[in-house]
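The chain contents come next:
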Amino acid sequence: MLERLLRWKFMIIIVLVVVLVGTIHYTSFTRPKISFLEGAWRDFLAPLQTIVSRTQRYFQTKVAGLRELRHLKVENQALQAEVVALKREVLALRNYQRENAWLREALDFKSELEHQILVAEVIARSPSKWENTITLNRGLHHGVNTGMAVITNAGIVGTVINSSQFTSTVLLAIDAQSATGGLVQTSGDLVLIQGMEGHSGDLLATPLSRDTSVEVGDVIVTSGLSRIYPKNLPIGQVVSVESRQYDLSFAAVVRPFVDFTRLEYVLIVLPNE
Amino acid sequence: MKYLGYALVLILGLAFQTAATPSLFVLGFRPELVLLLALLFALIQGPLEGAIVGFGGGLMLDLLVGRFIGLRALTFMLSSIGIGLVAKRLYQENFLVRFLAISGWSLVAQLLYLLGTAAFGRIIVWTYPTWRAILGTSIFNGLLSVVLFRPFLALNKRLIYWDELLKRTG
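Here the structure is a predicted model, which is why all the values come from computation and not from measurement.

This brings us to the overall build of chain A. Scanning chain A from N- to C-terminus turns up four helices and 12 strands. For 273 residues, the compact-globule estimate of 2.2 N^0.38 gives 19 Å, and chain A exceeds it by more than 25% at 24 Å. Principal-axis analysis of the C-alpha atoms gives chain A an extent of 80 × 55 × 40 Å. In chain A, which comprises 273 residues, the proportion classed as buried is 39%. Of all intrachain contacts in chain A linking residues separated by at least 6 positions in sequence, the fraction that spans at least 24 positions is 57%. Within chain A, one finds 27 positive and 26 negative side-chain charges whose respective centroids are separated by 9 Å.

What follows is the structure, given as structure tokens:
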């Protein structure tokens with residue numbers, strides 16, 4: 001069989017290269033929908049990736065548990081004290097929430113729409129450093145679609161770029177192709193948050209107006225102006241501000257709050273009905 | 001039979017590369033297991049079989065990533081042919097030779113991939129972190145090859161033996 005194929009090797013190589021160049025060109029852009037073959041391949045691999053991911057996590061947790069056994073007693077006491085304090089705070093916040101709802105009603109405010117969320121497990125990551133994506137175990141079957149925001153309690157993670165029946169691929173916020181609207185928490189100025197080229201893991205904030213002021217230590221949150229992320233989700237903290245082009249503009253390096261190397265579970269923000 | 005075995009090894013490698021490697025990160029570097037497997041097969045079996053395994057492994061990764069489909073298949077295939085041709089002149093028993101060969105061809109494969117993506121419109125910034133990631137992965141692959149070479153040689157012999165057995169017994 002192989003010998004027979006070898007007789008036609010030059011023809012096969014030429015056809016192969018032409019087909020490959022065509023597919024490379026066709027898939028060189030981010031596509032909202034993937035082909036049946038890609039979807040089937042991802043769904044086929046997903047159970048295996050889940051097994052590997054969970055096994056690795058199990059051993060990691062065991063090893064970490066053994067390491068932290070010594071500190072558990074002290075930590076437990078501290079946590080118990082924290083629980084008491086937090087319970088008190090929750091009670092106070094409930095009172096404020098009730099008061100707030102009453103006052104909003106009185107002032108005829110529209111209540112902020114709460115988003116529905118879906119918990120998803122990270123079952124795989126991009127195979128090399130050249131892509132910043134993760135794979136989740138939720139797909140079209142679970143109602144996940146292209147363009148949905150993915151977050152954790154620490155902050156924004158990224159957006160769903162395509163889904164198969166049972167998995168979704170998320171483009172991380174640190175990817176150079178990613179961009180979202182941000183807001184400097186202290187000044188309220190708008191900035192554009194993008195992933196940085198060069199795989200540093202940081203984000204780049206560029207101002208949207210000339211009189212925007214950003215300082216080291218400022219916290220950046222989502223502006224809510226894009227249709228992807230809800231408002232006021234934490235993005236990161238400014239670690240340095242660099243001047244650009246004759247000091248007329250600047251770019252701030254933002255360290256994200258989310259640790260993108262340790263993502264295990266994330267929340268997918270579902271659109272409101 | 002032999003190629004089914006190769007495919008299973010590649011699928012396992014792919015699952016480990018995508019799902020388990022964060023725990024294997026050393027100093028932020030990550031290995032490219034599928035590329036490493038393809039290069040190891042090419043080193044042991046020669047350029048032709050290496051090319052088939054490299055192409056298959058690359059295509060598996062391409063379909064998973066969903067961008068530049070075919071580029072990894074092409075670059076892994078070329079790198080496997082390259083190492084397969086060079087391997088004839090190498091003294092493979094020496095671990096240092098294996099380390100240098102796998103590291104070198106891992107470097108070539110990554111550079112070819114990045115240049116390929118740049119040719120199709122992606123902006124690549126050749127800064128220190130990029131070079132660090134390329135070199136780190138290449139060295140990591142080289143180190144892993146030193147450990148994995150003997151088990152792979154044994155696995156390959158076993159696969160060939162089963163293949164022959166199946167051919168003879170029908």
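Having put the structure on the table, let's press on.
Let's shift gears to the overall build of chain B. Looking only at helices and strands, chain B has six helices and zero strands in total. Listing each helix as α and each strand as β along chain B from the N terminus yields α-α-α-α-α-α. Over its C-alpha atoms chain B spans a radius of gyration of 16 Å, differing by no more than 12% from the 15 Å that the globule rule assigns to 170 residues. If one aligns the C-alpha atoms of chain B with their principal axes, the spans along those axes are about 55 × 35 × 30 Å. By the burial criterion, 56% of the 170 residues in chain B qualify as buried. Look at the contacts in chain B between residues 6 or more apart in sequence, and 72% of them connect residues 24 or more apart. A total accessible area of about 7400 Å² is found for chain B, and carbon and sulfur atoms account for 74% of it.

Taken together, the contact pairs 40 residues of chain A with 43 residues of chain B. With both chains or domains summed, chain A and chain B bury close to 3800 Å², and 67% of this area falls on carbon and sulfur atoms. Here chain A is connected to chain B by one salt bridge. Only α1 (2–7), α2 (9–26), α3 (36–68) and β1 (116–125) of chain A provide two or more residues apiece to the side of chain A that touches chain B. In terms of residue count, the dominant contributor to the side of chain A that touches chain B is α3(A) (12 residues). In terms of residue class, the side of chain A that touches chain B is built from 18 nonpolar, 15 polar and seven charged.

Glancing now at the sheet that holds strand β3 (residues 149–152) of chain A. Residues and elements named next belong to chain A. If you trace the six strands once around the closed barrel, you get β1-β2-β5-β4-β3-β12, paired in antiparallel fashion. Adjacent strand axes in the sheet meet at a mean angle of 45°, parallel and antiparallel pairs treated alike. By the bridge criterion, six bridges tie β1 to strand β12 (residues 265–270) in an arrangement that is antiparallel. What sits directly across from V119, in β12, is L267. Along the sheet, α3 makes contact with β1, β4 (155–163), β5 (168–172) and β12, crossing β1 at roughly 85°.

Residue and element names in this part refer to chain B. Applying the stated criterion across every chain, the model contains six aromatic pairs over all chains. On the numbers, 4.3 Å between centres and 50° between planes, the contact of Y6 with F41 is tilted. Within this pair, whereas Y6 is found in helix α1 (residues 2–19), its partner F41 is found in helix α2 (residues 33–45), the two being separated by 35 residues in sequence. Overall, F41 belongs to the buried group, its relative accessible area being 1%. Look at W126 and W131: their rings are 5.3 Å apart centre to centre, the planes differ by 40°, and that puts the pair in the tilted class. Owing to a relative accessible area of 35%, W126 belongs among the partly exposed residues under this scheme. Through pairs of rings, three or more aromatic residues link up here, namely Y3, Y6, F41 and F152. Across from the ring centre of Y113, 4.4 Å away, lies the NZ or CZ of R72, which sits over that ring.

The next thing to look at is the side chain of R31(A). You can see R31(A) is positioned in the loop between α2 and α3. Using a relative accessible area of 12% as the deciding quantity, one classes R31(A) as buried. Apart from the residues lying within four places of it in its own chain, the contact partners of R31(A) are Y26(A), E38(A), I161(A), N162(A), G66(B) and I69(B).

Turning to a nonpolar patch on the surface, a few remarks are in order. All names here are of chain B. Side chains of M1, L4, L8, Y161, W162, L165 and L166 sit close together on the surface and give an oily, nonpolar patch of about 720 Å² of accessible area. Elements with a contribution of two residues or more to the nonpolar patch: α1 and α6 (128–169). Assignment of secondary structure puts W162 in helix α6. Of the residues examined, W162 reaches a relative accessible area of 39% and is grouped as partly exposed.

Attention now goes to unusual backbone geometry. In the Ramachandran plot, N232(A) falls in the positive-phi region, its phi being about 65° despite a non-glycine side chain. Position of N232(A) among the secondary structure elements: in the loop between β9 (219–222) and β10 (234–244). Even without a glycine there, the phi angle at F68(B) is positive, about 50°. Here F68(B) shows up in the loop between α3 (47–65) and α4 (71–87).

The next thing to look at is α4(B). Along an α-helix, a turn takes 3.6 residues, which lines up residues three or four apart on a common side. Helix length check: α4(B), at 17 residues, gives a terminal C-alpha distance of 24 Å against a target of 24 Å (1.5 Å per residue), a fit within 8%. Of all the 17 residues making up α4(B), 13 are buried; the element is thus mostly covered by neighbouring parts of the structure.

The next thing to look at is the pairing of strand β11 (residues 249–256) of chain A. Side-chain positions along a regular strand alternate between the two faces of the sheet. Residues and elements named next belong to chain A. The buried fraction of β11 amounts to six of the eight residues, a majority that puts the element mostly inside the structure. With three bridges connecting them, strand β8 (residues 203–207) and β11 associate as antiparallel partners. Bridged to L203 within β11 is V254.

Thresholds applied
Residues numbered from 1 in each chain as written. Chains lettered and ligands numbered in written order. Predicted model: local features only at pLDDT ≥ 70, side-chain atom pairs only at ≥ 80, totals over all residues. Heavy atoms only, no water. Helix = DSSP H or I, 4+ residues; strand = E, 2+ residues; numbered from the N terminus. Rg over C-alpha atoms; globule rule 2.2 N^0.38 Å. Buried < 20%, exposed > 50% of the residue type's maximum accessible area, 1.4 Å probe, protein only. Contact = heavy atoms within 4.5 Å. Lys, Arg positive; Asp, Glu negative; His and termini not counted. Charge placed at Lys NZ, Arg CZ, Asp CG, Glu CD. Areas by Shrake-Rupley, 256 points an atom, 1.4 Å probe, with all protein chains shown as cover. Buried area = accessible area lost by both parts, 1.4 Å probe. Salt bridge = Lys/Arg side-chain N within 4 Å of Asp/Glu carboxyl O. Nonpolar A, V, L, I, M, F, W, Y, C, P; charged D, E, K, R; others polar. Pairing = 2+ DSSP bridges. Axes fitted to C-alpha atoms, helices over the stretch in contact; angles between N-to-C directions. Phe/Tyr/Trp six-rings, centres within 6.5 Å; stacked < 30°, edge-to-face > 60°. Lys NZ or Arg CZ within 6 Å of the ring centre and 35° of its normal. Patch = residues over 30% accessible without salt bridge, like charges linked within 9 Å, V, L, I, M, F, W, Y side chains within 5 Å. Expected span 1.5 Å × (residues − 1).

All we've got here are geometric facts, nothing functional implied.
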